[in-house]
Amino acid sequence: MAPLAPLLLHALRAPADTVALADADWDLLLRQAGAANLLATLGYILAEHGVLDRIPVPARDQLAWAQVLARRHRQAVRWEIRLIRLALRELGLPTILLKGAAYCAAGLPPAQGRLFSDIDILVPETHLAEAEAALMLAGWAGTHHDAYDQRYYREWMHELPPMQHTRRESMIDVHHAILPRTAAARPDSALLQAAAVAVPGEPALRVLAPVDMVLHSAVHLFTDGEFNNGLRDLVDLQRLLAHYGQDARFWARLVPRAHELELARPLFYALRYTALLLGTEVPPAVSADIAAAAPSPLLLRLMDELFRRALLPVHDSCGDRFSATARGLLYLRGNWLRMPPLLLARHLLHKAFLSPRKARQEAA
Amino acid sequence: MLTVGQLSRAELGRRLAGAGIRLGTGRFTTSLRSAIPSVADGIGLLYADYPLRPDDGFADFHLQLTRPRNLRRWLGPQVTLLYDGRSLFKPLPLDQAFPMFEWGLNWCVSSRANRYLIVHAAVIEKHGRAAILPAPPGSGKSTLCAALVGRGGWRLLSDELTLLRLDDGAIVPLPRPVSLKNGAIDVIRDYVPGSVMSRPVTDTVKGTVAHVKAPSASVARAAEVARPGWIVFPRYVPAAALQSEPLARADTFMQLAGNCFNYSLLGAEGFTALADLVDASAGFRFTYSVLDEALAFFDHLAAG
């Protein structure tokens with residue numbers, strides 16, 4: 001049975017320890033990092049801890065190769081953000097960037113080495129149609145033309161159907177909220193928008209306030225059902241907490257804000273699993289405050305078993321024979337949290353039977 | 001140092017089918033596993049001179065060629081290439097397993113090794129200076145390359161991937177089998193007597209392909225870098241007289257950039273590396289039809 005504590009987790013918890021690794025360990029470590037989409041990030045973390053120059057040359061080369069891709073990616077993202085801002089200029093609203101694009105624009109630690117496939121922005125629901133029209137004028141077009149998909153996004157989701165630029169093929173997700181309309185928890189988008197902060201040097205660009213950014217990262221990871229990039233997203237959280245956590249005021253605001261936004265449970269998981277898997281230090285007072293948001297002990301034991309597996313890299317050397325089941329169950333849970341049961345059943349039936357049949361008819 | 005050739009065919013097959021081998025090709029180490037006999041045949045024939053690196057060491061790439069367990073395996077058997085357990089390309093007919101390894105390893109280097117500017121070009125060396133032969137498929141680049149290293153006394157640095165080290169502009173060898181297509185297979189079999197060639201595989205996307213073993217001396221000198229000397233854009237034109245004309249630096253630059261795998265990825269670094277390369281090299285447009293004449297032209301270059 002493969003171990004549940006892969007080398008990669010150890011390297012992320014204690015980067016300095018990697019200088020003692022043998023060649024065979026490096027071989028495995030870099031494969032795990034590659035599978036987790038964390039190769040370039042690992043290079044930056046080792047450099048931050050001053051150990052990059054003390055590791056075997058072939059391993060250092062691999063990290064450098066990955067960093068070239070990451071550097072180019074970051075340039076491309078900055079350019080896309082610039083074009084999105086120009087497209088939305090007429091709306092007279094600040095553009096609020098979310099997730100990867102936000103880390104990149106604001107120069108936050110998770111931006112180092114991070115690769116992602118689309119840019120997420122948040123606009124007020126009242127301006128959704130205007131934003132969509134402005135982006136279409138600038139060359140972005142909707143990707144989901146199926147009538148059911150349109151309805152799925154526009155009636156039930158927290159975002160427009162993803163848009164893709166017709167020439168550059170870049171993807172953009174336009175959100176009006178950070179959770180679907182159909183989810184039980186409804187974080188108030190107006191609160192998020194009101195607290196958003198300007199990006200230094202870019203007055204027309206905003207990112208979520210530090211606590212909100214952490215909460216959004218947490219809600220994204222712990223209510224979504226896809227864990228292909230689970231560990232990468234957990235590392236984002238770890239790095240945000242380390243960065244903002246230097247300021248005591250951040251920790252003081254975190255739990256009250258989570259309650260205000262109905263996101264205490266995802267925050268509980270975020271703090272629990274960054275601590276458990278990556279060794280993040282959470283002030284005892286904060287841990288005590290958030291403890292009330294924990295699930296029942298029995299459920300917590302189950303969630304531990306599931307998340308401890310699903311948050312590992314998807315690689316043969318990580319996890320055990322229950323890992324695939326854990327991912328499957330969390331996928332169902334993710335859908336469950338997004339939609340009430342009846343709607344969910346209808347949605348899954350539609351996706352399983354009606355959408356493929358329609359696709360076949362169109363292909364014929 | 002243990003080489004592939006020191007293993008018997010049976011032992012090589014056993015190791016490939018089991019934990020795999022760590023094949024050293026120049027700067028790169030590839031962990032390769034496959035239970036497919038034609039893969040072991042190809043490795044045994046064409047990689048006999050290459051070092052086997054320690055099993056408990058570091059590998060840059062982890063490749064596995066395997067037969068997908070789908071229904072088609074009863075009708076038209078297939079082969080799939082796994083990169084560290086993940087399938088990246090569509091399966092191919094089983095017969096193409098060895099060419100798929102060659103293409104897969106090219107993909108590994110060209111899509112990952114981004115501390116080199118990587119040009120889609122053959123590259124050969126004499127007296128420390130390298131001639132780079134970039135060319136779109138079908139321009140006779142590999143045929144010319146096989147002739148130059150087989151009979152012209154040039155050292156093979158690479159038939160497909162010219163690796164330009166970003167730190168110092170040196171050309172880093174990656175000597176591997178030379179890939180020949182269709183008519184070129186017979187041309188080289190006749191022109192370079194004694195060349196060791198893999199069994200031609202028909203009906204690939206590139207037509208019929210066969211691989212020629214790299215000269216042992218080139219493999220032995222895989223750690224020796226070269227300085228750029230010439231950039232020659234070859235074109236095979238049947239029955240044409242040999243023709244070479246110097247190419248302006250700007251044209252050389254633009255044509256070379258068009259043949260790079262990672263030029264735009266490297267940004268300013270790529271631009272500087274390419275500009276330095278073009279500054280250090282003489283550029284030519286070159287048309288040939290007779291290999292003897294072509295070899296004489298390259299001799300003249302190296303002597304000049």
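Everything quoted here is computed from the prediction, not taken from an experiment.

So, how was this worked out
- Residues numbered from 1 in each chain as written.
- Chains lettered and ligands numbered in written order.
- Predicted model: local features only at pLDDT ≥ 70, side-chain atom pairs only at ≥ 80, totals over all residues.
- Heavy atoms only, no water.
- Contact = heavy atoms within 4.5 Å.
- Buried area = accessible area lost by both parts, 1.4 Å probe.
- Salt bridge = Lys/Arg side-chain N within 4 Å of Asp/Glu carboxyl O.
- Polar contact = N/O pair within 3.5 Å; in protein donor to acceptor, adjacent residues only side chain to side chain.
- Helix = DSSP H or I, 4+ residues; strand = E, 2+ residues; numbered from the N terminus.
- Nonpolar A, V, L, I, M, F, W, Y, C, P; charged D, E, K, R; others polar.
- Pairing = 2+ DSSP bridges.
- Axes fitted to C-alpha atoms, helices over the stretch in contact; angles between N-to-C directions.
- Core = buried A, V, L, I, M, F, W, Y, C linked by side-chain atoms within 4.5 Å.
- Buried < 20%, exposed > 50% of the residue type's maximum accessible area, 1.4 Å probe, protein only.
- Parallel < 35°, antiparallel > 145°, perpendicular 65-115°, else oblique.
- Left-handed = near helix turned anticlockwise from the far one by under 90°.
- Patch = residues over 30% accessible without salt bridge, like charges linked within 9 Å, V, L, I, M, F, W, Y side chains within 5 Å.
- Areas by Shrake-Rupley, 256 points an atom, 1.4 Å probe, with all protein chains shown as cover.
- pLDDT = per-residue confidence, 0-100.

Participant: I'd like a rundown of the interface of chain A and chain B, residues and numbers included.
Facilitator: Counting residues at the interface gives 20 residues for chain A, matched by 20 residues for chain B. Between chain A and chain B, the buried area comes to about 1700 Å², and carbon and sulfur atoms account for 54% of it. Three residues stand out in chain A for area buried against chain B, namely Asp27(A), Trp65(A) and Val68(A), and they jointly supply 35% of the buried area on that side. Linking chain A with chain B are four salt bridges, by the criterion used here. Across the salt bridge formed by Arg27(B) and Asp61(A), the nearest N and O atoms sit 2.9 Å from each other. Seen at the junction of chain A and chain B, the total is 10 residue pairs in polar contact (both at pLDDT 80 or more). Breaking the side of chain A that touches chain B down by element, the ones donating at least two residues are helix H2 (23-35) and helix H4 (57-87) of chain A. In terms of residue class, the side of chain A that touches chain B is made up of 11 nonpolar, three polar and six charged.

Participant: Would you mind going over the sheet that holds strand S5 (residues 171-175) of chain A in detail, with residue names and values included?
Facilitator: All names here are of chain A. Judged by pairing direction, the sheet is mixed, and its seven strands sit side by side in the order S3-S4-S5-S2-S1-S7-S6 without closing on themselves. Every interior strand has two partners, whereas the edge strands, strand S3 (140-142) and strand S6 (197-199), have only one. Neighbouring strand axes in the sheet, compared pairwise and without regard to direction, differ in orientation by 40 degrees on average. In this structure, strand S1 (residues 95-98) lies alongside strand S7 (residues 202-207), joined through three bridges in parallel fashion. Across the sheet, the residue bridging to Ile96 is Arg206, located in S7.

Participant: Go over the side chain of Arg114(A), please, and point to the residues and values.
Facilitator: Here Arg114(A) shows up in the loop between helix H5 (99-105) and strand S2 (118-122). Setting aside its immediate chain neighbours within four residues, Arg114(A) contacts Thr41(A), His73(A), Gly100(A), Tyr103(A), Arg232(A), Asp233(A) and Asp236(A).

Participant: Describe the nonpolar core, naming the residues involved and giving the relevant values.
Facilitator: Ranked by internal contacts, the top residues of the largest apolar core, which has 109 residues, are Phe222(A), Leu234(A) and Leu254(A). In this view, Leu254(A) contacts Val211(A), Val214(A), Leu215(A), Leu241(A), Leu267(A) and Leu271(A); residues no more than four positions away in its chain are not counted. Among the nonpolar cores identified, the runner-up in size contains 77 residues, and Leu52(B), Ala131(B), Ala147(B) and Leu295(B) belong to it.

Participant: Explain the packing of helix H7 (residues 249-258) of chain B against helix H8 (residues 263-280) of chain B to me, using residue names and the numbers behind them.
Facilitator: Residues and elements named next belong to chain B. At their nearest, the axes of H7 and H8 sit 10 Å apart, and the two run at 140 degrees to each other. One element, H7, and the other, H8, form an angle in the oblique class. Both H7 and H8 take part in a crossing whose hand is right-handed. Residues Arg249, Thr252, Phe253, Leu256 and Ala257 of H7 touch H8, and the partners they reach there are Tyr263, Phe271, Leu274, Ala275, Leu277, Val278 and Asp279. Of the residues contributing to the contact of H7 with H8, the split by class is nine nonpolar, one polar and two charged.

Participant: Could you give an account of a nonpolar patch on the surface, naming the residues involved and the relevant values?
Facilitator: All names here are of chain A. A contiguous nonpolar patch, built from Leu329, Tyr331, Leu332 and Leu348 and spanning about 350 Å² of accessible area, is present on the exposed surface. In terms of residues, the nonpolar patch owes the most to one element, helix H15 (residues 323-338), which gives three residues. When you line up the elements, Leu348 lands in helix H16 (residues 341-363).

Participant: Account for the confidence of the model for chain B, naming residues and giving values.
Facilitator: Here chain B averages 94 in pLDDT, and 99% of its residues register 70 or above. For this predicted complex, the interface confidence comes out at an ipTM of 0.91, alongside a pTM of 0.91.

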